[in-house]
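Residue strings, one per chain:
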Amino acid sequence: MKTIRLDKLLARQGFGSRRDTGRLIRSGQVRVNGAVCTKVDAHIEPFADTVTVADAPVALQRDIYLMMNKRAGVVCSRKDSRYESVFDSIREEDSASFSDGALHTVGRLDADTEGLLLLTTDGALTHRLISPKNHIAKTYEITLEHAADESEQRRCAELIAAGIGIARDGPDAAYVCRPAQLAFRGGTHCTLVITEGRYHQVKRMIAACGNGVAYLKRTALGPLVLDESLAPGEYRALTEEELAQLQEL
């Protein structure tokens, strides 16, 4: 079983920086298996040893679940010759889990697309969320390149509701999309809810309607809604309620 330094474990659990947790350990407030431990570099087995701080047990989360408000100009792959990666913004203490899984994104957003991005080490959850057979809803806010009048709005909404055909794009063949929901909030602003995740799908659907996408932002993934208090590029851990909602899918 993997071991981890005690100060690093406590830092991952939110007890402060490594310097802070070192002071905490040396103060005598930390116990391992009931015995006071003042060795900052003591190595423990996270799921075999019991750790308490000021007599309160430290509950370890095996996997990591992060919500990011992705900003434009960054990509979801780890390495790219032209763009910065979303992983460059993740602090070291937030990127290492007690599971064997590596931190990864649940699906991808294009470099110019903003909004909700889920990162996790939980491969089973990722599989459920991106599996085509599960039809998890994804909600996008769109600004169109050209204003659509009321008749054009109705036409586009009807085409998309019926299952619009999209042209080939790069590695993805031409495809007839599943029925989706398009709702307008003026001539250039609309919301699109889809239940699949083809390559450049939103842009291809709007192009099939005879328009283009000037701005794209994902605001929801299933029951998970983007925390609008997160500035572009910021992230936070999922709440217990948010995680429970995803795990129920």
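This text follows the structure it describes.
Keep in mind that this is a model prediction, so the values were computed, not measured.

K.L.:
Lay out the side chain of Gln153 with the relevant residues and their values.
P.N.:
Among the secondary structure elements, Gln153 is positioned in helix α5 (residues 150-162). Under the relative-accessibility criterion, Gln153 is labelled buried at 17%. In terms of polar contacts, Gln153 uses its side chain to reach the backbone carbonyl oxygen of Ala148, at 2.8 Å. Residue contacts for Gln153: discarding those within four places in its chain leaves Ala148, Phe184, Gly186 and Gly187.

K.L.:
Got a sec to walk through the pairing of strand β16 (residues 189-194)? Specific residues and values, please.
P.N.:
On a regular strand, one side chain projects to one face of the sheet and the next to the other, so that they alternate. Pairing of strand β12 (residues 138-144) with β16, which is carried by six bridges, proceeds in the antiparallel orientation. Paired with Thr139 across the two strands is Val193, which belongs to β16. Across four bridges, the pairing between strand β15 (residues 181-184) and β16 is antiparallel. Considered in β16, the bridge of Ala183 is made with Thr191. Between β15 and β16, which pair antiparallel and follow one another directly, the connecting turn spans four residues, one of which, Gly186, has a positive phi of 115°.

K.L.:
So, empty space enclosed by the protein: which residues are in play, and what are the values?
P.N.:
According to the stated counting rule, one finds one cavity of 30 Å³ or more in the structure shown. Together, Leu144, Ala148, Cys156, Leu182, Phe184, Cys190, Ile206, Cys209 and Asn211 line the largest cavity. Residues that form the lining of the largest cavity fall into these classes: eight nonpolar, one polar and no charged.

K.L.:
Summarise unusual backbone geometry; cite the residues concerned and give the values.
P.N.:
In this model, Asp55 sits at a positive phi of 70°, which is unusual for a non-glycine residue. Mapping Asp55 onto the fold places it in the loop between β5 (51-53) and β6 (56-57). The phi dihedral of His135 is positive, around 55°, even though this residue is not glycine.

K.L.:
Break down the environment of Pro132 for me, with residues and values.
P.N.:
Turning to its location among the elements, Pro132 is positioned in the loop between α4 (123-130) and β12. Separated by 30 residues in sequence, Pro132 and Ala162 place their C-alpha atoms 19 Å apart.

Scoring rules and cut-offs
Residues numbered from 1 in each chain as written. Predicted model: local features only at pLDDT ≥ 70, side-chain atom pairs only at ≥ 80, totals over all residues. Heavy atoms only, no water. Helix = DSSP H or I, 4+ residues; strand = E, 2+ residues; numbered from the N terminus. Buried < 20%, exposed > 50% of the residue type's maximum accessible area, 1.4 Å probe, protein only. Polar contact = N/O pair within 3.5 Å; in protein donor to acceptor, adjacent residues only side chain to side chain. Contact = heavy atoms within 4.5 Å. Pairing = 2+ DSSP bridges. 1 Å grid on protein atoms, 1.4 Å probe; cavity = no way out; pocket = protein on both sides within 12 Å on 5 of 7 lines; lining within 4 Å. Points joined across faces, edges and corners; volume = space filled by probe spheres on them. Nonpolar A, V, L, I, M, F, W, Y, C, P; charged D, E, K, R; others polar.

Honestly, it's all geometry; don't read function into it.
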